[in-house]
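Chain by chain, the residues:
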Number of protein chains: 2
Amino acid sequence: MATLDDIAKMAGVSATTVSRVINNYGSLSEKTKAKVFAAMRELNYQPNSLARSLKGKKTQLIGVILPGVGNPFFGQMVQEIEDQLFKKGYRIILCNAGDDSEKERDYLRMLMANRVDGIISGSHNLGIEEYQKVGLPIISFDRYLSNNIPIVSSDNFQGGRLAAQTLMMSGSKMMEIITGANRPNSPTSNRLKGFKEILGKNDVEFNTSEIDFSSSPIIKSLKIKEILSNKKVDGIFCTDDLTALLVMQQAKDLGISIPEDLKLIGYDGTNFIQNYHPELTTIMQPIADIVTMMIDLLLKRIDDPDCKLESNYTLPVKLITGATTI
Amino acid sequence: MATLDDIAKMAGVSATTVSRVINNYGSLSEKTKAKVFAAMRELNYQPNSLARSLKGKKTQLIGVILPGVGNPFFGQMVQEIEDQLFKKGYRIILCNAGDDSEKERDYLRMLMANRVDGIISGSHNLGIEEYQKVGLPIISFDRYLSNNIPIVSSDNFQGGRLAAQTLMMSGSKMMEIITGANRPNSPTSNRLKGFKEILGKNDVEFNTSEIDFSSSPIIKSLKIKEILSNKKVDGIFCTDDLTALLVMQQAKDLGISIPEDLKLIGYDGTNFIQNYHPELTTIMQPIADIVTMMIDLLLKRIDDPDCKLESNYTLPVKLITGATTI
DNA sequence: CTGAAAGCGCTAACAG
DNA sequence: CTGTTAGCGCTTTCAG
């Protein structure tokens, strides 16, 4: 692969001059510019960004750590992150941490080694103390990682309230909330709190079931079947849309009609759900806005590592009404 | 951020020695090793991989160019790629090319600038001549990019045949195939060919509708509605599962029962579909195997850039029978 | 078993 | 308007 020196030789100028035309810096005669450009084209030259970064420049690389891009929610989020960052001249290193804390730690080290300019993390793993000493700008999605790492999230509490109100308005009396394992600091715990707050105020009966986020759909379906068969529930709030989809499946199998016998509301409202399951009532997280916010904050920190940021940024959610709560 | 020199000083040894313990190379006394390790821990040291790569080492970075990770098919594929590459010590730079050729070209340049060790590309954009002169190991998923770039794909032709046979067996007489825009060299064109071959042999009537892959679900739904209302179709083959989902939606709206009035078969068979839409009969692409194959070939090329590879690697598809073709 | 020195490809003073 | 020089952080001969 051609180097700056190669093209300097070919154009009959010094390396400095080449560097100057690449960076469009200082004043060059049109003639030399032309010669250099010609040589660059001739050799299909691409400046080595490694060397450039070594000299103290930024890498224009951002690490993105998320549970996994197979999930449509995070798929859409990554797509949005990639899209917005690309427009600002950044590339992303994608890290699917899954539920593997060790992998997440490895990635953290690698990202440091690669000298990324910053990190966006929304992993589900907890207790990764390494976040405290990464020494790089980091923004978190919806999780507490460490002091001084700002958290951007949608209004989980309000989302829970909205879900409860919607279910009540549609006439359910005996509710069930199906949520992921509620580890401390988890956002779903706020969805739960908001939900309970409304129901408490209105003396509505309800029950809480925890199903681990990372367990397989088969397992989840089994637990849902149990819930549906054993109880006379007439309203369910799932803290994510995919689980709501499983509820619809199981209900159908059991001959329970939605919304006649059972009202259902989900959470997330991805494009995917809106397009392919418009019947599902859900609470939409404003993914694009969340991403814009995160990138905005991250770039600020990259620009000025000491800039003071809030510890929390909360964006509003929106109710999307489908046929499952009519 | 701490450098190798910093820790050399702290440990009271030379840079060379530190380098040796990092790379576990040559013979070191336990004592120096211990001192160096201590210093590394103390300063939370991470070797600068930029500097390392500049010295001629590989970057351990792979560029992944795909249409977009918001689509569950590519989401799953990226997840698989990331997973398998991580285990081999590589990280990925994710590039969502969408249907933007210019963006894809930009990314190609950036990947060169970043000196990635190789590229996996499965973009939908055609005519990117740049692929010819990237001068990096590249493997393609399901598209022709340039001579000498191996293509890994599932058996699209056989998939089309399977779809046709399945629809025939379930009793449809008047078929419709809904496919993406069939640009030359596109894989869907082989699905179509296989499908037609079987129908031709059996004198079954059918019709072909093209709906651009990148058009919105709303537009797609409209066209599907048209197809369903105007004709007396009783069997549909969609060359991707998401479109099949839309067909199910529209059929329901129009009071057409599946599978009673209409048989339906999709294509892709992602985990997502298998988990959340098990009712849909579909042709499953072996994503994990495809990825294994691609990575295998890519690493071979990275290891030996001149190694000869086939131009095509075709992996078998599998019929997954759901309730839509009973 | 350990160190000194050169150089990867590029940028940034400093000269002219 | 252009070139010389030094050095980013690391690896790698070549010497001890």
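The rules behind each value
- Residues numbered from 1 in each chain as written.
- Chains lettered and ligands numbered in written order.
- Predicted model: local features only at pLDDT ≥ 70, side-chain atom pairs only at ≥ 80, totals over all residues.
- Heavy atoms only, no water.
- Helix = DSSP H or I, 4+ residues; strand = E, 2+ residues; numbered from the N terminus.
- Rg over C-alpha atoms; globule rule 2.2 N^0.38 Å.
- Buried < 20%, exposed > 50% of the residue type's maximum accessible area, 1.4 Å probe, protein only.
- Contact = heavy atoms within 4.5 Å.
- Buried area = accessible area lost by both parts, 1.4 Å probe.
- Salt bridge = Lys/Arg side-chain N within 4 Å of Asp/Glu carboxyl O.
- Polar contact = N/O pair within 3.5 Å; in protein donor to acceptor, adjacent residues only side chain to side chain.
- Nonpolar A, V, L, I, M, F, W, Y, C, P; charged D, E, K, R; others polar.
- Pairing = 2+ DSSP bridges.
- Axes fitted to C-alpha atoms, helices over the stretch in contact; angles between N-to-C directions.
- Domains from an automatic or database assignment.
- Near = heavy atom within 4 Å.
- Parallel < 35°, antiparallel > 145°, perpendicular 65-115°, else oblique.

### Quick look at the overall build of chain A
Working step 1: If you tally the helices and strands in chain A, you get 12 helices and 12 strands.
Working step 2: For 326 residues, the compact-globule estimate of 2.2 N^0.38 gives 20 Å, and chain A exceeds it by more than 25% at 25 Å.
Working step 3: Overall, the C-alpha framework of chain A stretches about 85 × 35 × 30 Å when taken along its three principal axes.
Working step 4: Residues classed as buried in chain A amount to 56% of the 326 residues present.

### Structural notes on the interface of chain A and chain B
Working step 1: In this assembly, 53 residues from chain A lie in contact with 53 residues from chain B.
Working step 2: Overall, the association of chain A and chain B removes approximately 5,100 Å² of surface from exposure, summing both partners, and the carbon and sulfur fraction of that is 61%.
Working step 3: Interface area lost by chain A to chain B is led by Leu50, Arg115 and Tyr276 of chain A, which between them contribute 14%.
Working step 4: The salt bridge involving Glu82 of chain B is made with Lys103 of chain A; its shortest N-O contact spans 3.1 Å.
Working step 5: For the pair chain A and chain B, the interface holds 25 residue pairs in polar contact (both at pLDDT 80 or more).
Working step 6: Mapped by element, the contributors of at least two residues to the side of chain A that touches chain B are helix 4 (49-54), helix 5 (72-87), strand 2 (91-96), helix 6 (101-113), helix 10 (241-253) and helix 11 (271-276) of chain A.
Working step 7: With 8 residues, helix 5 of chain A is the largest single contributor of residues to the side of chain A that touches chain B.
Working step 8: Residues belonging to the side of chain A that touches chain B are distributed by class as follows: 29 nonpolar, 16 polar and 8 charged.
Working step 9: Strand direction decides the pairing type here: strand 2 of chain A and strand 2 (residues 91-96) of chain B, joined by 3 bridges, are antiparallel. Bridged to Ile93 of chain A within strand 2 of chain B is Ile93 of chain B.

### Things to note about the sheet that holds strand 4 (residues 138-141) of chain B
Across a sheet, strands are paired by hydrogen bonds formed along the backbone, either parallel or antiparallel in direction.
Working step 1: Here 12 strands make up an open sheet; going across it, the order is 11(A)-5(A)-4(A)-3(A)-1(A)-2(A)-2(B)-1(B)-3(B)-4(B)-5(B)-11(B) and the pairing mixed. The sheet terminates laterally at strand 11 (312-315) of chain A together with strand 11 (312-315) of chain B, the two strands that pair on one side only. This sheet shows a mean twist of 25 degrees between the axes of neighbouring strands, independent of strand direction.
Working step 2: The sheet contact formed by strand 4 (residues 138-141) of chain A and strand 5 (residues 151-154) of chain A spans 2 bridges and is parallel. The residue of strand 5 of chain A that forms the bridge with Ser140 of chain A is Ile151 of chain A.
Working step 3: Seen against the sheet, helix 6 of chain A touches strand 1 (61-66), strand 2 and strand 3 (118-121) of chain A together with strand 2 of chain B and runs at an angle of roughly 160 degrees to strand 2 of chain A.
Working step 4: Sheet strands in contact with helix 12 (residues 287-303) of chain B are strand 1 (61-66), strand 3 (118-121), strand 4, strand 5 (151-154) and strand 11 of chain B, and its direction is about 160 degrees off that of strand 4 of chain B.

### Focus: the pattern of salt bridges
Note on pairing: side chains with opposite charge can pair once their charged atoms come close.
Working step 1: What the rule picks out here adds up to 24 salt bridges over all chains.
Working step 2: Of the charged contacts in the structure, one is a salt bridge between Glu30 of chain B and Lys33 of chain B, with a shortest N-O distance of 3.9 Å. Of this pair, Glu30 of chain B and Lys33 of chain B both sit in helix 3 (residues 30-42), separated by 3 residues, roughly a single helical turn.
Working step 3: Residue Glu30 of chain B is classed as exposed on the basis of its relative accessible area of 60%.
Working step 4: Three or more residues are tied together by salt bridges with common partners; here these are Glu82, Asp83 and Lys87 of chain A together with Lys103 of chain B.

### Examining the domain arrangement of chain A
Working step 1: Domain annotation of chain A identifies domain 1 (4-47), domain 2 (61-153 + 287-314) and domain 3 (156-286).
Working step 2: Computed over C-alpha atoms, the centres of domain 1 of chain A and domain 3 of chain A are 62 Å apart.

### Some remarks on the protein's contact with DNA strand D
Working step 1: Contacts to DNA strand D come from 24 residues, most closely from Thr16, Thr17 and Arg20 of chain A together with Leu4 and Tyr45 of chain B.
Working step 2: Thr17 of chain A places a polar side-chain atom, nitrogen or oxygen, 2.7 Å from a phosphate oxygen of DNA strand D.
Working step 3: Counting residues per element, the ones that place at least two in the surface near DNA strand D are helix 2 (15-23) of chain A together with helix 2 (15-23) and helix 4 (49-54) of chain B.
Working step 4: Here the element with the most residues in the surface near DNA strand D is helix 2 of chain B; it accounts for 4 residues.
Working step 5: Tallied by class, the residues present in the surface near DNA strand D amount to 7 nonpolar, 11 polar and 6 charged.

### Re the packing of helix 1 (residues 4-11) of chain A against helix 2 of chain A
Residues and elements named next belong to chain A.
Working step 1: Viewed as axis vectors pointing N to C, helix 1 and helix 2 meet at an angle of 105 degrees, and their least axial separation amounts to 8 Å. Our classification of the angle between helix 1 and helix 2 gives roughly perpendicular. Residues Leu4, Asp5, Ile7 and Ala8 of helix 1 form the contact with helix 2, whose participating residues are Ala15, Val18, Ser19 and Ile22.
Working step 2: A per-class count over the contact of helix 1 with helix 2 returns 6 nonpolar, 1 polar and 1 charged.

### Some words on the sheet that holds strand 12 (residues 318-320) of chain A
Residue and element names in this part refer to chain A.
Working step 1: Here 6 strands make up an open sheet; going across it, the order is 7-6-8-9-10-12 and the pairing mixed. Of all the strands in the sheet, the pair left with one neighbour each is strand 7 (205-210) and strand 12. Ignoring which end each strand starts from, the neighbouring axes of this sheet average 20 degrees apart.
Working step 2: Where strand 8 (residues 235-238) meets strand 9 (residues 263-268), 3 bridges bridge the pair, whose relative direction is parallel. Considered in strand 9, the bridge of Ile236 is made with Leu264.
Working step 3: The sheet strands contacting helix 7 (residues 156-169) are strand 6 (174-179), strand 8, strand 9, strand 10 (281-284) and strand 12, and the helix crosses strand 9 at an angle near 165 degrees.
Working step 4: Across the sheet, helix 10 is in contact with strand 6, strand 8, strand 9 and strand 10; its angle to strand 9 comes to roughly 155 degrees.

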